[in-house]
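If you want the building blocks of each chain, they are given just below.
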Amino acid sequence: MTRATTVRAVLAAAVLLVSALITLTMSPRLGLDLQGGTRMVLQAKDSDTAKADRESTDRTLEVLRQRIDSLGVAEPTLTRSGEDRIIVELPDVQDPRKAAEVIGRTAQLSFHAVQGPGTPDNGPGTPENGGADGTTDDPADGGPTLADEQGRSLDLGPARLSGAGVKDATAVFDAQQGAGWTVSLDFHKKAGRDWTRLTGEAACHPVQDERRRVAIVLDQQIISSPQVSPSVGCGVGLPSGSTQITGSFSADEARELALLIKGGALPLPVEIVEQRTVGPTLGAAAIDASARAALIGAAATALFITVVYRLFGALAAVALAAYGLISYAALVALGVTLTLPGLAGFVLAIGMAVDANVLVFERAREEHAQRPGRTLRSSLTAGFRGAWSAVADSNVTTLIAAGLLFFLGSGPVKGFGVTLAIGVIASMFSALVIARALTEIASGSRFVNDYRSVNGIASPGRVRTWLTRRNPQLMRSPRRWLLISTALIAVAVLGIVVRGVNLGVEFTGGRLVEYSTSRPVDVERARSALADAGFGDAEVTTAGAGDLSVRTGKLDDDGEQVLRAALAEEGGKTTKIRDELIGPSLGDELRRNALIALGIAVLVQLAYLAIRFRWTFALASVGALVHDVIILVGAFAWLGRTVDGIFLAALLTVIGYSVNDSVVVFDRLRELWAKARRTPVGTIANQAVLQTVPRTVNTGMGALFILTALAVLGGDSLADFALALLIGICVGTYSSVLTAVPAALVLERSSKAPPPARKRGPSRRSGSRTARRDPLDNGARV
């Protein structure tokens, strides 16, 4: 066993041990759809600058979403109800008091000049002296009287600057000045000038005079009232970026305050008018069915790659199980909330984990077929070396998309980016470290070398054998394939225009009705009864003491009576206790941010592929991606299926698969073309497609096993999700070969760019290993 193999084995064992410890000692954070959480109803109130109407409430909702995201409550659901109410659903928050603490501090931030100490009559700002919030209004200056952080009463002038002017806020530990944890503020340009003017006016008062202070007020409480430094001259003031809020904060308090301030000021003050703990959107039966389906699908995938690649396939299946353990432990350790859209990232990452192993094994088969006399270990090493470029490029493009979705998206889009990124990293580790260590150890066995039929590399495989014998000329007429793809797009667009896209409640809004029943009703039975009555898309959760909450799309009064009657058949006398129209949870800003994130991700991928390959290949890959998206949306339009948040997660998954497939084909095309620069590109492209078809078929089959199990066994909750992925992966497999490659050929024929240059490296002598070997492999043998 080589030293490199030993290093991989030790590294794999260490990571698996840590992952197992995390799994056994830490619990996951489950989202509202899997575990339930807290639902709160906020009432927006009129302020001095804004009226609580639909538009201002929507702006308040988006600011709340940013603040809740910043506070670490992953993937919350926020919807507008009526003109001035906001429904907030917080996953994994079972304590309403904790939820109230999270939401309750999302009020206004303001900066005030201090007029002087409060009058003795007012005292320290108690409710008796200043109203329910402990403030008093001074008619002389229009400002309140509040108690500062040390309990002293201060008369404040009107607010001179609001939290909306804050550009950034960060928690900083000030060791030099001995202030401990502080919050550093940076203002926008105009607000920075206002801050300089405010502090310049305060600096005109003597040192130790209360009027030299600037009061920073959050939620009608003075959180800090620092004096302007004696070094600041009258009328000079402090520049933006040099302001710190002090207040004997702990590290957690400073970070929380910075996040609250950075989240932005609310356009309207809000009041919590209702809060309750709700059950999961997906019932226990649905979750159990989904888990069984995932296990059965993964087992079928493992069995498939074992049948195809025999011993090495079985070892890859072990590495796949290790991937599941590592990625799960990483999500738990990082505190990521697991939700159904987020789990879509796992599906893509599982496929990529299988894909990396398939790429390596197929490349090893090619190397062995070209040089039958080489050792099994040599063929395997050559397979890893030859597949590295395609594995790296496909995973890098996916990581680029995941990173941009996380940083630019929010809500379910952000959650998808997190789980996808973790899954991709874990899949690369499992394929390139764990699977490689296992297969290299096995390849050193005398039994495996003597009986090569058991290892899965010595035989070329049925698909490759059939292609070699038939040698179909698929790229003889690339425009024919493009015409077929254009026709498919036309059919999809026709479905979108004629049938329309059936947008879900997340996009359109709908109706939220809560019922009390005389007999307890299980959520699954209620959901089944509503589905039988024609409300298959209704979301049913428990609310309060056994009440049922039903959220559905457009529902008139007659439809509501039918819905209530369906519940009455299961729960006896059914009384409506709440009925509200709600806005979309995927608001305009959230949808816009998702589209912006997706668009930027596509452009960055386009640039990366253009640099790594050629601009023609990059443009063809993106064209195939757009082809897949349009066809998937059109298919759902023709089928009348709902396009909702879960569909959005599936769509992002399909995009990842599409780019991944195209990268593999173009990587082989680049390699072959560089070796035969005078050969017509059409001939090279046909050869590249035929060489990568076995990988494409085997990878697609591995993913289809999991998705078919989810579609058949996962229940209604996952049916549309699995269907979207099934359609998307089938279309993506087709487009990566018969849309992207023909498009690249057409673009190449119109381009005058020379063929790719062949990579220069050390010459290969007969019977010797290439000098461009694995950096971990020093050539030593035992």
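1. Observations regarding the overall build of the protein
Looking only at helices and strands, one finds 22 helices and 21 strands in the protein. The contacts of the protein with a sequence gap of at least 6 include a subset with a gap of at least 24, amounting to 78%. A total of about 33900 Å² of accessible surface is found on the protein, and carbon and sulfur atoms cover 59% of it.

2. Some thoughts on helix α13 (residues 478–498)
The terminal C-alpha atoms of α13, which comprises 21 residues, lie 30 Å apart, in line with the 30 Å expected from a rise of 1.5 Å per residue. Here α13 has its buried residues at Pro 478, Trp 481, Ser 485, Ala 492 and Gly 495. An end-on view of α13 places all buried positions within 110° of arc, on one side of the element. Within α13, the exposed residues directed more than 90 degrees away from the buried face are Arg 479, Leu 483, Val 497 and Val 498.

3. What to know about the pattern of salt bridges
Side-chain pairs of opposite charge can arise whenever the charged atoms involved come near each other. Summed over all chains, the structure comprises 28 salt bridges. For Asp 209, the salt bridge goes to Arg 211, with nearest N and O atoms at 2.9 Å. One network of salt bridges, with partners in common, ties together Arg 363, Glu 366, Glu 367, Arg 668, Glu 671 and Lys 675.

4. What about the packing of helix α18 (residues 615–639) against helix α22 (residues 740–750)?
Their axes nearest at 8 Å, the elements α18 and α22 cross at an angle of 140°. As far as their axial angle goes, α22 and α18 are oblique. α22 is crossed by α18, and the crossing has right-handed handedness. Judged by residue contacts, Thr 616, Phe 617, Leu 619, Ala 620 and Ala 624 of α18 engage Ala 740, Ala 743, Ala 744, Leu 747 and Glu 748 from α22.

5. What about the state of the cysteines?
What the rule picks out here adds up to one disulfide. The side chain of Cys 204 participates in a disulfide bridge whose partner is Cys 234; the two sulfur atoms lie 1.8 Å from each other. Sign of the S-S torsion, about 80° for the bond between Cys 204 and Cys 234, identifies this disulfide as right-handed. One end of the pair, Cys 204, is in the loop between α5 (189–202) and β11 (214–218); the other, Cys 234, is in the loop between β12 (221–224) and β13 (243–249), with 30 residues separating them in the sequence.

6. Considering the environment of Arg 479
On the secondary structure map, Arg 479 appears in helix α13. The spacing of Arg 479 and Val 746 is 267 residues in sequence and 7.5 Å in space, taken between C-alpha atoms.

7. Quick notes on the packing of aromatic side chains
Tallied over the entire structure, the rule returns nine aromatic pairs. Seen from their ring centres, Phe 636 and Phe 647 are 4.8 Å apart, and the 50° between their planes marks the pair as tilted. Placement of the pair is Phe 636 in helix α18 and Phe 647 in helix α19 (residues 645–675), with a sequence separation of eleven residues. Comparing Phe 636 with Phe 647, the two get one shared label, buried. Among the aromatic side chains, those forming a connected cluster through ring pairs are Phe 111, Phe 187 and Trp 195.

8. A short note on the nonpolar core
Residues Leu 632, Phe 647, Phe 666 and Val 741 are the most contacted members of the largest nonpolar core, which totals 62 residues. Within the residue set of this core, elements represented by two or more residues are α13, α17 (588–612), α18, α19, α20 (681–713), α21 (716–738) and α22. With 13 residues, α19 is the largest single contributor of residues to this core.

9. Overview of the confidence of the model for the protein
In regions of low pLDDT, the predicted coordinates are not meant to be interpreted in detail. On average, residues of the protein carry a pLDDT of 78, and 83% of them reach 70 or more. Across the protein, α13 holds the top mean pLDDT of 95, while helix α4 (residues 127–130) sits lowest at 32. A low-confidence stretch, residues 120–141 (pLDDT under 50), is modelled with 35 contacts involving residues beyond four sequence positions or located in other chains. Overall, residues 761–782 carries pLDDT values under 50, and its contacts beyond four positions in sequence, including any with other chains, amount to 25 contacts.

10. Some words on a nonpolar patch on the surface
On the surface, Val 491, Val 493, Leu 494, Val 497, Val 498 and Trp 638 cluster together to form a nonpolar patch covering roughly 550 Å² of accessible area. Counting residues per element, the nonpolar patch draws most heavily on α13, at five residues. By secondary structure assignment, the location of Val 493 is in helix α13.

11. Description of the environment of Leu 408
Structurally, the position occupied by Leu 408 is in helix α9 (residues 376–408). With 188 residues separating them in the primary sequence, Leu 408 and Ile 596 have C-alpha atoms 7.6 Å apart.

12. Section: the environment of Leu 90
Position of Leu 90 among the secondary structure elements: in strand β4 (residues 85–91). On the accessibility criterion, Leu 90 (0% relative accessible area) is buried. Here the alpha-carbon distance between Leu 90 and Leu 78, two residues twelve residues apart in the chain, equals 8.8 Å.

13. Quick look at the packing of α13 against α22
For any two helices packed against each other, the geometry is given by the interaxial angle and the distance between the axes. The geometry of α13 relative to α22 is characterised by a closest axis approach of 8 Å and an angle of 125° between their N-to-C directions. The orientation of α13 relative to α22 falls into the category oblique. Between α13 and α22 the crossing geometry is left-handed. Residues Pro 478, Arg 479, Trp 481 and Leu 482 of α13 touch α22, and the partners they reach there are Pro 742, Ala 743, Leu 745, Val 746 and Arg 749. Across the contact of α13 with α22, the residue classes tally to seven nonpolar, no polar and two charged.

What counts, and where the lines are drawn
- Sequence positions are assigned chain by chain, starting from 1 and proceeding in written order.
- Two thresholds apply to this predicted model, a pLDDT of at least 70 for residue-level local features and 80 or more for giving and counting side-chain atom pairs, whereas whole-chain, interface and lining totals are computed over all residues.
- Only heavy atoms go into the side-chain values, all of them from the structure, while hydrogens and water stay out.
- Only DSSP runs of H or I with at least four residues qualify as helices, and only runs of E with at least two residues qualify as strands; both kinds are numbered from the N terminus onward.
- Note on contacts: a residue pair qualifies if any of its non-hydrogen atoms lie within 4.5 Å across the two residues.
- Only the protein chains shown count as cover for residues, with accessible areas throughout obtained via the Shrake-Rupley method and a probe of 1.4 Å.
- Here a helix's expected span is defined as the number of its residues, less one, multiplied by 1.5 Å.
- With a 1.4 Å probe rolled over the protein chains alone, any residue whose accessible area is under 20% of its type maximum counts as buried; one over 50% counts as exposed, and the rest are partly exposed.
- To be clear, the arc concerns the directions from the helix axis to the C-beta atoms.
- By definition, a salt bridge exists where a carboxyl oxygen of Asp or Glu is found within 4 Å of a side-chain nitrogen of Lys or Arg.
- Only the contacting stretch of a helix is used when fitting its axis, a line to C-alpha atoms as for every element, and angles between N-to-C directions run 0 to 180 degrees.
- Should an angle lie under 35 degrees it is considered roughly parallel, over 145 roughly antiparallel, and from 65 to 115 roughly perpendicular; all remaining angles are considered oblique.
- If you view the pair so one helix is near and one far, a crossing is left-handed when the near helix is turned anticlockwise from the far one by less than a right angle, and right-handed when it is turned clockwise.
- Disulfide assignment relies on a single distance test, namely cysteine sulfur atoms paired within 2.5 Å.
- Two rings from Phe, Tyr or Trp (for Trp, the six-membered ring) form a pair when their centres sit within 6.5 Å of each other. Planes less than 30 degrees apart are called stacked, planes more than 60 degrees apart edge-to-face, and all others tilted.
- Working definition of a nonpolar core: buried Ala, Val, Leu, Ile, Met, Phe, Trp, Tyr and Cys residues. They are joined through side-chain atoms within 4.5 Å.
- Confidence scores here are pLDDT values: one per residue, from the predictor, ranging 0 to 100.
- Think of a patch as exposed residues, more than 30% relative accessible area, with no salt bridge, where like charges cluster within 9 Å and nonpolar side chains (Val, Leu, Ile, Met, Phe, Trp, Tyr) cluster within 5 Å.
- The classification used treats Ala, Val, Leu, Ile, Met, Phe, Trp, Tyr, Cys and Pro as nonpolar, Asp, Glu, Lys and Arg as charged, and all other residues, Gly among them, as polar.

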